[in-house]
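# Close look at the chain arrangement
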Amino acid sequence: LAQLAIAEPGENWKGARYRLTDRKLSPTSNWIPGWELPMSWVEPDANNPNDTGMAREGILELTYVSCTVDWRFRERLLTKTLAGAKYVERSILRLASDGSILQR
């Protein structure tokens with residue numbers, strides 16, 4: 001969704017909010033006030049080994065809206081997700097170097 005929001009014009013994330021789910025925090029921890037999509041989630045800094053891109057933990061809640069759908073881009077994104085796939089045993093999955101999902 002982060003990459004899609006950049007590829008498709010307009011304000012696509014409606015009501016976006018994010019909160020941490022660190023084990024040290026309560027599961028009912030507060031949403032981060034004024035939170036907006038960090039560009040590092042879309043384009044990690046290749047020169048910074050500590051920049052892992054999109055957050056690995058947390059809860060992101062939003063409604064995605066698009067007036068101009070980029071179907072080609074969406075099709076490319078499908079290779080990086082299991083959206084629309086039948087259940088796949090986790091043990092038979094592996095990731096390519098670009099993060100796309102490969103099936104053995």
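Structure's up top.
Notes on the structure in this doc start here. (Residues numbered from 1 in each chain as written. Predicted model: local features only at pLDDT ≥ 70, side-chain atom pairs only at ≥ 80, totals over all residues. Heavy atoms only, no water.)

## Topic: the overall build of the protein chain
Assigned secondary structure in the protein chain consists of two helices and four strands. Along the protein chain, helices (α) and strands (β) appear in the sequence α-β-β-α-β-β when read from the amino end. In the protein chain, which comprises 104 residues, the proportion classed as buried is 16%. For the protein chain, contacts bridging at least 24 residues in sequence account for 51% of all contacts bridging at least 6. Carbon and sulfur atoms make up 53% of the accessible area of the protein chain, which totals about 8300 Å². (Helix = DSSP H or I, 4+ residues; strand = E, 2+ residues; numbered from the N terminus. Buried < 20%, exposed > 50% of the residue type's maximum accessible area, 1.4 Å probe, protein only. Contact = heavy atoms within 4.5 Å. Areas by Shrake-Rupley, 256 points an atom, 1.4 Å probe, with all protein chains shown as cover.)

## Regarding the packing of aromatic side chains
Applying the stated criterion across every chain, the model contains four aromatic pairs. Residues Trp13 and Trp35 carry aromatic rings whose centres are separated by 6.3 Å and whose planes lie at 20° to one another, so their mutual orientation is stacked. Of this pair, Trp13 sits in strand 1 (residues 13–19) while Trp35 sits in the loop between strand 1 and strand 2 (59–64), and the two are 22 residues apart along the sequence. Comparing Trp13 with Trp35, the two get one shared label, buried. Seen from their ring centres, Tyr18 and Trp41 are 5.4 Å apart, and the 80° between their planes marks the pair as edge-to-face. Taken together, the residues Tyr18 in strand 1 and Trp41 in the loop between strand 1 and strand 2 connect sequence positions 23 residues apart. Members of the aromatic cluster, each reached through a chain of ring pairs, are Trp13, Tyr18, Trp35 and Trp41. Above the face of the Trp71 ring, Arg74 is positioned so that its terminal group lies 5.5 Å from the ring centre. (Phe/Tyr/Trp six-rings, centres within 6.5 Å; stacked < 30°, edge-to-face > 60°. Lys NZ or Arg CZ within 6 Å of the ring centre and 35° of its normal.)

## What to know about the pattern of salt bridges
One pass over the full model with this rule turns up two salt bridges. For Arg74, the salt bridge identified is with Glu8, shortest N-O distance 2.8 Å. Of this pair, Arg74 sits in helix 2 (residues 71–78) while Glu8 sits in the loop between helix 1 (2–7) and strand 1, and the two are 66 residues apart along the sequence. Owing to a relative accessible area of 24%, Arg74 belongs among the partly exposed residues under this scheme. With relative accessibility at 1%, the residue Glu8 sits in the buried group. (Salt bridge = Lys/Arg side-chain N within 4 Å of Asp/Glu carboxyl O.)

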